[in-house]
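These are the residues of each chain, in order.
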Amino acid sequence: LKKRLIGRDKNKKDLENLDILLFFVNFISMFMLADSNKKFKSTSRVTTGLNDSQKKAVEIEHGPVLVVAGAGSGKTRALIYRLVKLLDDGMVPNKIVAITFTNKAADEIRNRVNLSVKDYGLTIDGAFLGTFHSLGTKILRDLASLVGRTADFVIYDNNDSGRALKETLKNLKVNQELYSFSRLSHKISQVKNNMIAMADLGDEIEERIFADYEKR
């Protein structure tokens with residue numbers, strides 16, 4: 001992708017943004033892949049009480065595993081024992097990522113895993129257990145300095161961003177007949193989604209608005 005863009009009329013800022021994006025993609029891939037060289041030990045203490053299908057899901061050596069089953073059939077139990085198996089095989093907790101639908105489910109899984117391994121001096125603490133959005137937020141906070149941010153940033157919802165834009169328009173005394181709230185809101189979304197630099201907006205007023213908005 002980068003080679004294709006370099007062949008076009010792209011400025012240095014575009015390529016810097018692309019470098020950051022590619023770094024995130026590579027980081028996520030590295031962060032979520034298990035160590036493929038690790039060999040699983042067949043320890044009966046981990047799979048005790050599981051049926052044959054659950055044992056297969058727990059003991060598979062590497063690669064993706066798809067578990068399809070109905071409600072109440074033991075999917076969560078299989079996931080918990082798979083995490084226990086990883087810990088029992090010596091996997092470092094901070095190399096484990098488990099994505100759940102809710103944070104409540106993540107807390108439950110964490111507690112059940114720790115209960116299962118505490119007698120062996122193991123813990124799941126240090127692993128990431130949470131929702132997809134929580135994982136994204138964690139990565140952004142951990143790497144915030146790469147894009148000139150601090151880790152304590154606040155994620156705005158639509159109401160928050162709308163309120164910030166209104167404060168900007170009021171602060172700069174912008175003529176809203178020429179620069180309406182809806183137009184600027186849409187423009188800001190375009191700028192962020194397409195990673196457009198402020199200098200490339202082509203409108204001095206819009207540049208001032210965006211600069212003030214970004215400070216809030």
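Each chain has its residues counted from 1, following the order in which its sequence is written. Local features in this predicted model are restricted to residues whose pLDDT is 70 or higher, and side-chain atom pairs enter the listing and the counts only when it is 80 or higher, whereas totals over whole chains, interfaces and linings include all residues. Hydrogens and water molecules were not included; the side-chain quantities draw on all heavy atoms of the structure.

1. Comments concerning the nonpolar core
Item 1. Think of a nonpolar core as a cluster: buried Ala, Val, Leu, Ile, Met, Phe, Trp, Tyr and Cys residues, connected wherever their side-chain atoms sit within 4.5 Å. Classification of residues uses two cut-offs on accessible area relative to the type maximum, computed with a 1.4 Å probe and protein chains only: under 20% is buried, over 50% is exposed, and between them is partly exposed. Grouped together as the largest cluster of nonpolar side chains are 18 residues, with contacts concentrated most on Leu 83, Ile 96, Val 113, Ile 124 and Leu 129.
Item 2. Elements supplying a minimum of two residues to this core: helix H5 (75-88) and helix H6 (103-117).
Item 3. Each helix is a run of DSSP H or I of at least 4 residues and each strand a run of E of at least 2, with the numbering of both proceeding from the N terminus. Among the elements that line this core, the one with the most residues is H5, at six residues.
Item 4. Residues are treated as being in contact if the distance between any of their heavy atoms lies within 4.5 Å. Leaving out residues up to four positions away in the same chain, Leu 83 has contacts with Ile 96, Ala 98, Ile 109, Val 113 and Leu 129.
Item 5. Val 174, Tyr 179, Ile 209 and Phe 210 belong to the second-largest nonpolar core, a separate cluster that totals 12 residues.

2. Some remarks on the packing of aromatic side chains
Each pair of aromatic rings is reported with the distance of its centres and the angle of its planes.
Item 1. Planes of paired rings set the category: under 30 degrees apart is stacked, over 60 is edge-to-face and the rest tilted, where pairs are Phe, Tyr or Trp rings (Trp by its six-membered ring) whose centres lie within 6.5 Å. Under the counting rule described, the total for this entry stands at zero aromatic pairs.
Item 2. Charge-over-ring placement is defined geometrically: NZ (Lys) or CZ (Arg) within 6 Å of the ring centre, and within 35 degrees of the ring normal. Over the face of the ring belonging to Phe 153 we find Arg 141, whose NZ or CZ atom lies 4.3 Å from the ring centre.
Item 3. Taking the ring centre of Phe 181 as reference, the NZ or CZ of Lys 166 above it sits at 5.5 Å.

3. Considering unusual backbone geometry
Item 1. Although it is not a glycine, Lys 173 sits at a positive phi angle of roughly 55°.
Item 2. Tracing the backbone shows Lys 173 in the loop between helix H8 (158-172) and helix H9 (181-193).
Item 3. We note that Met 195 has phi near 50°; this positive angle belongs to a residue other than glycine.
Item 4. Inspection of the secondary structure assignment puts Met 195 in the loop between H9 and helix H10 (204-214).

4. Overview of the pattern of salt bridges
Item 1. A side-chain nitrogen of Lys or Arg and a carboxyl oxygen of Asp or Glu constitute a salt bridge if their distance falls within 4 Å. Evaluated as defined, the whole model comprises nine salt bridges.
Item 2. A salt bridge links Asp 142 to Lys 138, with the nearest nitrogen and oxygen atoms 3.1 Å apart. Taken as a pair, Asp 142 and Lys 138 lie in helix H7 (residues 132-142) at a separation of four residues, close to a single helical turn.
Item 3. You can call Asp 142 partly exposed: its relative accessible area is 47%.
Item 4. Salt-bridge contacts for Arg 149 lead to Glu 214; the nearest nitrogen and oxygen are separated by 2.8 Å. Taken as a pair, Arg 149 in the loop between H7 and H8 and Glu 214 in helix H10 lie far apart in primary sequence, 65 residues in all.

5. A few points about a nonpolar patch on the surface
Item 1. Grouping into patches uses exposed residues only, defined as over 30% relative accessible area, and leaves out salt-bridged ones; the cut-off is 9 Å for like charges and 5 Å for nonpolar side chains (Val, Leu, Ile, Met, Phe, Trp, Tyr). In these tables, accessible area is a Shrake-Rupley quantity obtained with a 1.4 Å probe, and a residue counts as shielded only by the protein chains included in the view. Residues Ile 60, Val 65 and Val 67 make up a contiguous nonpolar surface patch of roughly 200 Å² in combined accessible area.
Item 2. Residue placement: Val 65 occurs in the loop between helix H4 (52-59) and H5.

6. Considering the side chain of Thr 100
Item 1. Positionally, Thr 100 belongs in the loop between strand S1 (97-99) and H6.
Item 2. N or O atoms within 3.5 Å of each other form a polar contact, as long as, within protein, one can give a hydrogen and the other can take it, and as long as residues adjacent in sequence are counted only when both atoms are side-chain atoms. From its side chain, Thr 100 meets the backbone oxygen of Thr 102 in a polar contact 2.8 Å long.
Item 3. Apart from residues lying up to four places away in sequence, Thr 100 is in contact with Ala 105, Ala 106, Ile 109, Gly 130, Thr 131 and Phe 132.

7. Some remarks on the packing of H8 against H10
Item 1. Under this scheme, a helix contributes an axis fitted over its contacting stretch, all axes are lines through C-alpha atoms, and angles between N-to-C directions fall in the 0 to 180 degree range. With their axes 9 Å apart at the nearest point, H8 and H10 run at an angle of 125° to one another. Relative to H10, the element H8 is oriented oblique. In the packing of H8 onto H10, the handedness of the crossing is right-handed. In this structure, H8 contributes Ser 161, Ala 164, Leu 165, Thr 168, Leu 169, Asn 171 and Leu 172 to the contact, and H10 contributes Arg 208, Ile 209, Asp 212 and Tyr 213.
Item 2. Gly counts as polar in this scheme, as do all residues outside two lists: the nonpolar Ala, Val, Leu, Ile, Met, Phe, Trp, Tyr, Cys and Pro, and the charged Asp, Glu, Lys and Arg. Considering only residue class, the contact of H8 with H10 consists of six nonpolar, three polar and two charged. The scheme is simple: roughly parallel for angles under 35 degrees, roughly antiparallel for over 145, roughly perpendicular for 65 to 115, oblique for anything else. Definitions for this section: a left-handed crossing has its near helix turned counterclockwise from the far helix by less than a right angle. A right-handed crossing has that turn clockwise.

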